[in-house]
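Single-letter residue listing:
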Amino acid sequence: MEITSINQEKTQSNFLKTMFENLKVKFKDTKKIGEDDPRRILHSIKVGFALTLVSLFYYFRPLYDGFGQAGMWAILTVVVVFEFSVGGTISKSLNRGGATLLAGALGVGAEYLANLCGERGEPIVLGIFVFILAAVSTYTRFIPKVKRRYDYGVLIFILTFSLVAVSGARISEIMELAHQRLSTILIGGATCVLVSLCIYPVWAGLDLHDLIASNILQLSASLQGFSSEFGDVVSSKDSRDKPYLQIHKSVLNSKATEESLANFAWWEPSHGRFKLNHPWKLYLNVGGIVRQCACHIEILSGCITNSKIQVVSEFEQKIQPSCVKMSMECGKALKEVSTAMKNMSIPSSSVALHLINSKAAADELKNIMEKFSSSPNEADLQQIMPTLVVASILIDIIEFVEKIVVSVNELAEKAGFKQTQLLHRGIVKPVNNDDDDQLVIEIVEMKKPIGVRT
């Protein structure tokens, strides 16, 4: 009996210990969510504050007497409409309010026409109206533009019209019902919009802008990682442990997030440097090209990861400097583009210089490849085939980097990004130093700063 009791105590102790450890892990995970983005904590507080405000319909007697049980629709509106970003909240609020207004008006009209048909014809007419409007509205949800921006509104339209039309067949005060429901929904939606705008607003447009810039920077980090350790990558077995082989992977799955943010940003008012009619579609164009470049980097990463070459051949030694230069220059170009975009400025002319250097390295690589392919040995060809694939992918990546630069320049022009300005203009002059045979660079400063018009 004593042994059984001791075993039970140990079992209970282990169970409590395991449960405590699980709770500790869950608490850490929950805490990490807030630490990763503190705006999530603020969003939770804003939702609670908005719900508290609309709850006054029940706790404040004059409001309750005016709306009665219809005040519940204001609470439901806050729950389903309040989104993380300002654009998402405005989108859902306008969709819900507009759909409710239109559906309520059509519902009242349908009820009026149904009453003209008598007691027997009324349910038939209402049934026809419900069928036609529900079928047509559902079909419009398949239209891409409607699906992207007004899908929630169409859904609310179908629901509201059906409720108003069916309820009107049994409730004589249909006008009062429609008025109360529309008023409380508009009040709930307006409360969400005001709280979202006035208390630490989260702008979907700014998030989209930062996301595209961050994705470009991740591609830059991957390419610079390839260039810094290219010689080791070709002949390394443990290349899977290289961190730069994984940086770009998050870019491949960013399409849904970008489209959602662009849709919400379209609804947002002017804020900061994001004015009305900001070219949000161009962000999606840039994002698409960035993902295509990331796909090529993924292929390049797979080739390097799966490479089993242990001895570097003479051919690989010849092309290695060109490959390193192509990767490094492309990485530098993307880094400058990302920085310029982050600061909402036009990319500097040094980006074009990096592209020129990378193309020059690509031409040099092509010449080496042509010379070697003139009389290749079959055994040598099989040995260097993985390296040829890597080199050809790098050449393709240069084209995508150039497309990214062009698309970002187009975005900067349409969005009105500021011109990059240098403090002073100078002339670089070499000066001979007879003491130690070193080359000294002297910058002769000019009085007129760059970008100043006279």
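Sequence order as written defines residue numbering, which begins from 1 separately in each chain. Only residues with pLDDT of at least 70 get local features here, since the model is predicted, and only at 80 or more are side-chain atom pairs given and counted; chain-wide, interface and lining totals rely on the full set of residues. The basis for every side-chain value is the complete set of heavy atoms in the structure, and neither hydrogens nor water enter the calculation.

1. Section: the overall build of the chain
Here is step 1: Helix and strand counts for the chain come out as 18 helices and two strands.
Here is step 2: Under the scheme applied here, a residue whose accessible area is under 20% of the maximum for its type counts as buried, over 50% as exposed, and between as partly exposed, the area being computed with a 1.4 Å probe on protein chains only. In the chain, which comprises 454 residues, the share counted as buried stands at 39%.
Here is step 3: Here, residues are in contact when the closest pair of their heavy atoms is within 4.5 Å. The long-range share in the chain, meaning contacts at least 24 apart out of those at least 6 apart in sequence, stands at 77%.
Here is step 4: For the chain, the accessible area works out to roughly 26,500 Å², and carbon and sulfur atoms hold 61% of it. A run of DSSP states H or I qualifies as a helix once it reaches four residues; a run of E qualifies as a strand once it reaches two. Both are numbered from the N-terminal end. Accessible surface is estimated by sampling points in the Shrake-Rupley manner with a 1.4 Å probe; for residues, cover comes only from the protein chains shown.

2. Regarding the side chain of Ser 196
Here is step 1: Residue placement: Ser 196 occurs in helix 10 (residues 174-198).
Here is step 2: Once residues within four sequence positions are removed from consideration, Ser 196 is found in contact with Lys 46, Phe 82, Ser 85, Val 86, Thr 89 and Pro 201.

3. Let's talk about helix 14 (residues 255-267)
Here is step 1: Expected span, for any helix, means 1.5 Å times one less than how many residues it has. Taking 1.5 Å per residue, 13 residues should reach 18 Å; helix 14 reaches 19 Å between its end C-alpha atoms and fits that length.
Here is step 2: Regarding helix 14, the residues found buried are Glu 258, Leu 261, Ala 262, Asn 263, Ala 265 and Trp 267.

4. Looking at a nonpolar patch on the surface
Here is step 1: Residues Ile 41, Leu 42, Ile 45, Phe 49, Leu 53, Leu 56, Tyr 59, Ile 199 and Tyr 200 make up a contiguous nonpolar surface patch of about 920 Å² in total accessible area.
Here is step 2: Mapped by element, the contributors of at least two residues to the nonpolar patch are helix 2 (39-54) and helix 3 (56-59).
Here is step 3: The element contributing the most residues to the nonpolar patch is helix 2, with five residues.
Here is step 4: Mapping Tyr 200 onto the fold places it in the loop between helix 10 and helix 11 (204-228). Any residue with relative accessible area above 30% and no salt bridge may belong to a patch, with like charges joined within 9 Å and the nonpolar Val, Leu, Ile, Met, Phe, Trp and Tyr side chains within 5 Å. Here a salt bridge means any side-chain nitrogen of Lys or Arg lying within 4 Å of a carboxyl oxygen belonging to Asp or Glu.

5. A closer look at helix 2
Here is step 1: Over its 16 residues, helix 2 runs 23 Å from end to end, which matches the ideal 22 Å to within 8%, given 1.5 Å per residue.
Here is step 2: For helix 2, the set of buried residues is His 43, Lys 46, Ala 50 and Val 54. In an axial view of helix 2, the angular spread of the buried residues amounts to 65 degrees, which keeps them on one side of the axis. Exposed residues lying more than 90 degrees from the buried face of helix 2 are Ile 45 and Thr 52. The directions considered for the arc run from the helix axis to the C-beta atoms.

6. Side note on the pattern of salt bridges
Here is step 1: According to the stated counting rule, one finds ten salt bridges in the structure shown.
Here is step 2: Between Arg 141 and Asp 151 there is a salt bridge, with its nearest N and O atoms 2.8 Å apart. With Arg 141 in the loop between helix 7 (118-140) and helix 8 (144-149) and Asp 151 in helix 9 (residues 151-168), the pair connects residues that are ten residues apart, well separated along the chain.
Here is step 3: Its relative accessible area of 22% is what places Arg 141 among the partly exposed residues.

7. Side note on the confidence of the model for the chain
Here is step 1: Residue-level confidence of the predictor, termed pLDDT, takes values from 0 up to 100. On average, residues of the chain score 79 in pLDDT, and 76% of them reach the 70 mark or higher.
Here is step 2: Mean pLDDT values for the elements of the chain range from 42 in strand 2 (residues 439-445) up to 92 in helix 14.
Here is step 3: Across residues 233-239, confidence stays below pLDDT 50; counting only partners more than four residues off in sequence or on other chains, it has 14 contacts.
Here is step 4: Scored below 50 in pLDDT, residues 422-454 shows 34 contacts in the model against residues more than four places distant or in partner chains.

8. Quick look at the environment of Glu 316
Here is step 1: With respect to the helices and strands, Glu 316 occurs in helix 16 (residues 314-342).
Here is step 2: With relative accessibility at 3%, the residue Glu 316 sits in the buried group.
Here is step 3: Between the C-alpha atom of Glu 316 and that of Thr 387, which follows or precedes it by 71 residues, the distance is 7.0 Å.

9. Focus on the environment of Glu 122
Here is step 1: As for its placement among the helices and strands, Glu 122 is situated in helix 7.
Here is step 2: Remark: the alpha-carbon pair of Glu 122 and Glu 111, spanning eleven residues in sequence, is separated by 8.0 Å.

10. Let's talk about the packing of aromatic side chains
Here is step 1: For Phe, Tyr and Trp, rings pair up if their centres lie within 6.5 Å, where Trp contributes its six-membered ring, and each pair is then called stacked (planes under 30 degrees apart), edge-to-face (over 60) or tilted (otherwise). Summed over the entire model, instances satisfying the criterion amount to five aromatic pairs.
Here is step 2: Taking 6.3 Å as the distance between ring centres and 15 degrees as the angle between the ring planes, the aromatic pair formed by Phe 157 and Phe 161 counts as stacked. Residue Phe 157 and its partner Phe 161 are located together in helix 9, separated by four residues, close to a single helical turn. The two residues Phe 157 and Phe 161 agree in class, both being buried.
Here is step 3: By the ring-pair criterion, three or more aromatic residues cluster together here, those being Tyr 150, Trp 266 and Trp 267.
Here is step 4: Positioned above the aromatic ring of Tyr 152 is the side chain of Lys 92, whose terminal nitrogen or guanidinium carbon lies 5.0 Å from the ring centre.
Here is step 5: For a lysine, the NZ atom is tested; for an arginine, the CZ atom; a charge sits over a ring if that atom is within 6 Å of the ring centre and within 35 degrees of the ring normal. The cationic tip of Lys 403 hangs over the ring face of Phe 400; the distance from NZ or CZ to the ring centre is 5.0 Å.

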